[in-house]
Amino acid sequence: MDLFIALLAGMASGFLNVVAGGGTLIVFPTLVALGLSPLVANVTAAVGVFPGSLAGSWTYRKILKEQKKLAWLSVILMPLFSIIGASLLLYLPERNFELIVPFLIGAAGILIAVQPLVYRLFPKQSHKLNYKLIIPGFIVAGIYVGYFGAGTGVVLLAIFGLAGLANIQQANGLKNLGSGTGNAIAALIFVFSGLVVWQTAISVAIGSIIGGLLGGRLAQKLDASFFRIIILIVAIVASIYLYIKNS
């Protein structure tokens, strides 16, 4: 039963990551509820979730060709700096993560909820992109995605909008690509940590691929507002629960 629940959480995560972002906010609390410690749940979720983001990115491959330079920066800088985030997670005391994770979940939930406001940052017409903003943004987002990751997509969208990218579909494809490749390298590091609960991670991964492919095909047709509300509610409940539990 636990593996089936993990599979369903993975499907929801893969779908939400592409449609609205924040899918980790579904998987992480689910794994904690199944009895994993916050650190083990985060590591296992990271290994399970990244295939869904990459699957979602695949559905945007034609759009990504229109922004080759940004796409290459995404797959170079996000994974590179996710190594730092993953290392901080593994080598800092576990208690530090337990204390900060309720606030990370709450902040990520708020980020997902305000994503429509983030879209207002996008100019009506594209102009020369400000790489002085994009590159530091990738560095910060890369470290964050390696450490926890939920809400990274919204951070990337804000960066793209402020930097002058007007095409929101291109931005969505780029944020899936950046989040997915950053998560992939972090997950590779976690594989060798000895903390991954493999049966659970594989169940989440299968579900996230299915959800990611489905979400990638429907993302341009769905109103994501309903899903953002669900994510925000889950984030609030999970953050309160973990704060009480870890206090």
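Residues numbered from 1 in each chain as written. Predicted model: local features only at pLDDT ≥ 70, side-chain atom pairs only at ≥ 80, totals over all residues. Heavy atoms only, no water.

(A) Inspection of the overall build of the protein at higher detail. A tally of regular secondary structure across the protein gives twelve helices and zero strands. When the elements of the protein are put in sequence order from the N terminus, they spell out α-α-α-α-α-α-α-α-α-α-α-α. Against the compact-globule benchmark of 18 Å for 247 residues, the protein has a radius of gyration of 16 Å, which places it among compact chains. When its C-alpha atoms are laid out on the principal axes, the protein stretches across 50 × 35 × 30 Å. Put simply, the protein has 247 residues, and 55% of those count as buried. Sequence-distant contacts in the protein: of pairs separated by 6 or more residues, those separated by 24 or more amount to 86%. Per element, the accessible surface of the protein, about 11,000 Å² overall, is 71% carbon and sulfur. Charged side chains in the protein number 15 positive and 5 negative. The centres of these two groups are separated by 18 Å. (Helix = DSSP H or I, 4+ residues; strand = E, 2+ residues; numbered from the N terminus. Rg over C-alpha atoms; globule rule 2.2 N^0.38 Å. Buried < 20%, exposed > 50% of the residue type's maximum accessible area, 1.4 Å probe, protein only. Contact = heavy atoms within 4.5 Å. Areas by Shrake-Rupley, 256 points an atom, 1.4 Å probe, with all protein chains shown as cover. Lys, Arg positive; Asp, Glu negative; His and termini not counted. Charge placed at Lys NZ, Arg CZ, Asp CG, Glu CD.)

(B) Structural detail: empty space enclosed by the protein. Under the definition given, this model contains one cavity of 30 Å³ or more. In this structure, the largest cavity encloses a volume near 220 Å³. Along its surface, the largest cavity is lined by 23 residues, and Asn17, Thr24, Gly149, Ser179 and Asn183 are the ones closest to its centre. Every element with two or more residues in the lining of the largest cavity is listed here: α3 (38-58), α9 (152-162) and α10 (168-191). In terms of residue count, α3 provides more of the lining of the largest cavity than any other element does, five residues in total. (1 Å grid on protein atoms, 1.4 Å probe; cavity = no way out; pocket = protein on both sides within 12 Å on 5 of 7 lines; lining within 4 Å. Points joined across faces, edges and corners; volume = space filled by probe spheres on them.)

(C) Up close: the packing of aromatic side chains. Scanning the model with the defined rule gives six aromatic pairs in all. Pairing Phe97 with Tyr147 gives two aromatic rings, centres 5.7 Å apart and planes at 75°, and the pair type is edge-to-face. Here the residue Phe97 occupies a position in helix α6 (residues 94-113), and Tyr147 occupies one in helix α8 (residues 131-147), the gap between them amounting to 50 residues. Residues Phe97 and Tyr147 agree in their burial class; the two are buried. Taking the centre distance of 5.9 Å and the plane angle of 80° together, the rings of Phe103 and Tyr243 count as edge-to-face. Of this pair, Phe103 sits in helix α6 while Tyr243 is found in helix α12 (residues 225-246), placing the two residues 140 residues apart along the sequence. Given the relative accessible area of 46%, Tyr243 is considered partly exposed. Three or more aromatic residues joined by ring pairs make a cluster, and in this case those are Phe28, Phe97, Tyr147 and Phe148. The ring of Tyr131 has Lys69 sitting right over it, with the charged end atom 4.3 Å from the ring centre. (Phe/Tyr/Trp six-rings, centres within 6.5 Å; stacked < 30°, edge-to-face > 60°. Lys NZ or Arg CZ within 6 Å of the ring centre and 35° of its normal.)

(D) Representation of the packing of helix α5 (residues 68-91) against α10 within the structure. At a closest axis distance of 7 Å, the pairing of α5 and α10 adopts a crossing angle of 40°. For the pair α5 and α10, the crossing hand works out as right-handed. Each of Leu70, Ala71, Ser74, Val75, Met78, Pro79, Ser82, Ile83, Ala86, Leu89 and Leu90 in α5 lies in contact with α10, whose residues at this interface are Leu174, Leu177, Gly178, Ser179, Thr181, Gly182, Ile185, Ala186, Ile189 and Phe190. Grouping the amino acids of the contact of α5 with α10 by side-chain chemistry returns 15 nonpolar, six polar and no charged. (Axes fitted to C-alpha atoms, helices over the stretch in contact; angles between N-to-C directions. Left-handed = near helix turned anticlockwise from the far one by under 90°. Nonpolar A, V, L, I, M, F, W, Y, C, P; charged D, E, K, R; others polar.)

(E) Summary view of the pattern of salt bridges. Within the structure shown, the criterion is met by one salt bridge. Across the pair Arg95 and Glu98 runs a salt bridge whose closest N-O atoms are separated by 3.4 Å. One end of the pair is Arg95 and the other is Glu98, both in helix α6 and three residues apart, which spans about a single turn. Judged by its relative accessible area of 16%, Glu98 is buried. (Salt bridge = Lys/Arg side-chain N within 4 Å of Asp/Glu carboxyl O.)

(F) The arrangement of the environment of Asn42 in detail. Here Asn42 is to be found in helix α3. Look past the residues within four positions of Asn42 in its chain and what remains in contact with it is Phe28, Leu89, Phe97, Tyr147 and Phe148.

(G) Representation of the side chain of Ser179. The topology assignment puts Ser179 in helix α10. In this structure the side chain of Ser179 is engaged in a polar contact, spanning 2.9 Å, whose partner is the backbone oxygen of Lys175. (Polar contact = N/O pair within 3.5 Å; in protein donor to acceptor, adjacent residues only side chain to side chain.)

(H) Region of the structure containing a positive patch on the surface. A contiguous patch of positive charge on the surface is contributed by Arg61, Lys62, Lys65 and Lys68. In this structure, Lys65 sits in the loop between α4 (61-64) and α5. Since its relative accessible area comes to 58%, Lys65 is described here as exposed. (Patch = residues over 30% accessible without salt bridge, like charges linked within 9 Å, V, L, I, M, F, W, Y side chains within 5 Å.)

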